[in-house]
Amino acid sequence: MSKITLFSEIIPKPKSMVKKFTLATFVVITSLSFLYSTFPSKSSYHSFYLSPSLSSNSSIADHLYILTHRPHVAGTAANAETAAYVLSTLNSYNIPSHLTPYDVLLTYPISRSLTLQRPPPDEPITFDLRQEVYDGDPYADVADQVFPTFHGYARSGTAVGPVTYVNYGRVEDYEKLKEIGVNVTGAIVLARYGMIYRGDIVQNAFERGAVGVVIYTDRKDYGGGGGGAKWFPEGKWMPPSGVQVGSVYNGIGDPTTPGWPSTGECERLSNEEVDETGSLPMIPSLPVSWADGEVIMRSIGGPRARDDWQGSEDGPVYRVGPGPGILNLNYKGNRTIARIENVIGMIEGAVEPDRFVILGNHRDAWTFGAVDPNSGTATLLEIARRLGELQKKGWKPRRSIVFCNWDAEEYGLIGSTEWVEENREMLASRAVAYLNVDCAVSGPGFYASATPQLDELLKQASQQIEDPDNSSQSLYTSWVGSSKFPPIGRLGGGGSDFAAFVQHVGIPAIDIHFGEGYPVYHSMYDDFVWMKEFGDPMFQRHVAVAGMWGLVALQLADEEFLPFDYLPYARELEKSTRELENVTSGKAINLTPLYDSTEKLKEAAVGANGQRKALKEKKRWASMWGKDDWEVRELNDRLMMTERAFADQDGLSDRTWYKHLIYGPSKHDDYGSKSFPGIDDAIESAKSLNTIESWRDVQHEVWRVSRAITRASMVLNGKLT
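Residues numbered from 1 in each chain as written. Predicted model: local features only at pLDDT ≥ 70, side-chain atom pairs only at ≥ 80, totals over all residues. Heavy atoms only, no water.

A. The arrangement of the environment of Arg112 in detail. If you trace the backbone, Arg112 turns up in strand β1 (residues 97–117). Counting along the chain gives 173 residues from Arg112 to Ser285, while the straight-line C-alpha distance between them is 9.9 Å. Aside from chain neighbours lying at most four places away, what touches Arg112 is Leu129, Pro148, Thr149, Leu286, Asn330 and Tyr331. A polar contact of 2.7 Å, which involves the side chain of Arg112, links it to the backbone oxygen of Leu129. Here the side chain of Arg112 touches Thr149 through a polar contact of 2.9 Å, landing on its backbone oxygen. (Helix = DSSP H or I, 4+ residues; strand = E, 2+ residues; numbered from the N terminus. Contact = heavy atoms within 4.5 Å. Polar contact = N/O pair within 3.5 Å; in protein donor to acceptor, adjacent residues only side chain to side chain.)

In structure tokens, the structure reads:
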């Protein structure tokens, strides 16, 4: 009720006075409206942010060129230089920034060798394990700074055994081998990259008795598949000597500080205790090129591999073995506590400075990192530049915008995880959303993943962005394509820095990028030349990512009412529950608790949306008279905190760091995104054991998830029982 209404009720006025008062009121309102209209609206600032006059593909290209002038692996002086560059750039854009260091366990190669013993009369082959510099390579003078090909956290040791081909090294691949009587015990397995995380390739091999692992980039998947395909630098495909390096760590964050930050003189696990956690590999492994992989493949006999296990048409016939070729694999690495540095900057909010909209990208790379990750870093700096220009024109965000440039992501999401663990309570109470971009651009095609309450925001924002590959249409139009709705993935996998935010704390998040993948991934050929020639020649896709990423951040930071909608979340949960019906059919698993709790969430979402609509209408008049904003704040808090309720303090069984019961990584594929990961783990175990008790565990996990969904609906409702 407004003050005017209350005043008129208390002191009745003569008609003449009412007329005078009404006229006076009109004059006041008109004057106030004029006064407010003289200040630029938030939407006008957002339009300016997207304007061609402010966008700059050349600025992005310049940042990328500087960031990728030499290899910069986490923990090295070269990567410290990139941190200093990002820090100084953010500060120059009037975004106060600082370094946040951590001392963490990293590994680097000391020596490695791989020898193939072939059946007589063929001579043994010792592979040189080198990526070749090409003629005219502008980075030839710093090529010696590229680390020898290795796996981060690979186990040191020597392994000798017959070679067995295991396709992609998935659980189902070993089941296929078992069906034809092939046993990998005592063997060195040869697996090709793709489908699952490399750390799970090594772990799956160990669990089945293998003594070592060699992983190669198959020409079929990375080298163009033969048939005249051109390799880099003539084409986009991986050259014959190209090697995908990367981590084989099956944990997240610093292995010596599981669950707490690696700050100062903190408590640490010893090397022996780290090994006992099971997060580091127990057998040695090496990555090799597709050229070396094909040589090894020619030494394998035994049954012919299935058609869908074969390689390029002009490559060797793939057989599964074991042997007769024998591999001798030797790897020696060092474990060391190294300094890593996150760069953190903030534009403080003018109205709600204690609410954080967080943008994140990592900076460290296995080699030059033009795609992974510095296309994202250059784009982050472009957003910072544009927001700096907005500040010059008087814009201030309602809520604080935080810029995070992570270190040591490649080793195991370490920089972001340590920061989240250090700031856990602050983030749990204040973070609105986390907006992640890893590889901003690797090719054409827009891709987005999100927690479902942000689906509608992504759709709306994409309608305001120009498609970089077709200026006659919006990004939304190309994203939808011939489908009815745009495809939006979920954030259950552990492939990038959103993991700690979503899966450990329960913070709404998105992840966006252009390009589904690229052939020179994690090789020394991921450089500025490849990006300029094949990834994004005009850097317009980078501009589109900057537009989309920044616009979503602006809307989350500036809108009075948080643009969250939990109806898509409820629909997603219904869909996932229906999928469970097929998996649990005939096993007496009662899914009614999931359906019931999801219905409660749906009702709460409808109620929250209705309350927001009513408050918006009410605010149109109440704001004129200084109405208290506590109702808006209270609704926003409920919208923000609902996601936290999906995180359970006990976490997933046997993987307690992962707290989120709706989205988490598959137990056998860290890249794989699973809905209801705890239920999925229990089902896989029950399938193997097939006991009454194991299926009872599945039912228990169903109840755990249903309780989490009910908690979320209660938070969204905001009412005590």
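Still more ground to cover, so stick around.
B. Structural detail: the side chain of Thr257. One can find Thr257 in the loop between β7 (246–247) and α9 (271–277). A polar atom in the side chain of Thr257 sits 2.7 Å from the side chain of Ser262. Setting aside anything within four residues of it in sequence, one finds Thr257 in contact with Ser262, Cys266, Glu267, Arg268, Glu418 and Glu421.

C. Up close: the environment of Ile512. Among the structural elements, Ile512 can be located in strand β15 (residues 509–514). The buried category is assigned to Ile512, whose relative accessible area is 1%. In this structure, the C-alpha to C-alpha distance between Ile512 and Asp596, residues 84 residues apart in sequence, is 33 Å. Setting aside anything within four residues of it in sequence, one finds Ile512 in contact with Asn436, Val437, Phe446, Tyr447, Ala448, Leu458, Val545, Met548 and Trp549. (Buried < 20%, exposed > 50% of the residue type's maximum accessible area, 1.4 Å probe, protein only.)

D. Structural detail: the pattern of salt bridges. Within the structure shown, the criterion is met by 40 salt bridges. Note that Asp308 is salt-bridged to Arg306, the shortest N-O span being 3.1 Å. A salt bridge links Arg386 to Glu382, with the shortest nitrogen-to-oxygen separation between them at 2.9 Å. In this pair, Arg386 and Glu382 are both assigned in helix α11 (residues 374–392), four residues apart and thus about one turn of the helix distant. Classification of Arg386 as buried rests on a relative accessible area of 1%. Judged by its relative accessible area of 0%, Glu382 is buried. Connected through shared salt-bridge partners, Glu352, Asp354, Arg355, Arg398, Arg399, Arg633 and Asp637 make up one network. (Salt bridge = Lys/Arg side-chain N within 4 Å of Asp/Glu carboxyl O.)

E. Layout of the packing of helix α4 (residues 57–67) against helix α5 (residues 77–92). At a closest axis distance of 10 Å, the pairing of α4 and α5 adopts a crossing angle of 150°. Put simply, α4 runs roughly antiparallel to α5. The residues of α5 that touch α4, namely those facing His63, Ile66 and Leu67, are Thr82, Tyr85, Val86 and Thr89. The residue inventory of the contact of α4 with α5, partitioned by class, reads four nonpolar, three polar and no charged. (Axes fitted to C-alpha atoms, helices over the stretch in contact; angles between N-to-C directions. Parallel < 35°, antiparallel > 145°, perpendicular 65-115°, else oblique. Nonpolar A, V, L, I, M, F, W, Y, C, P; charged D, E, K, R; others polar.)

F. Highlighting the pairing of strand β12 (residues 431–436). β12 sits mainly inside the fold: six of its six residues count as buried. One ladder, built from three bridges, connects β12 with β15; its direction is parallel. Bridge assignment links Leu435 to a residue of β15, and that residue is Ile510. (Pairing = 2+ DSSP bridges.)

Treat this as a map of the structure, not an account of what it does.
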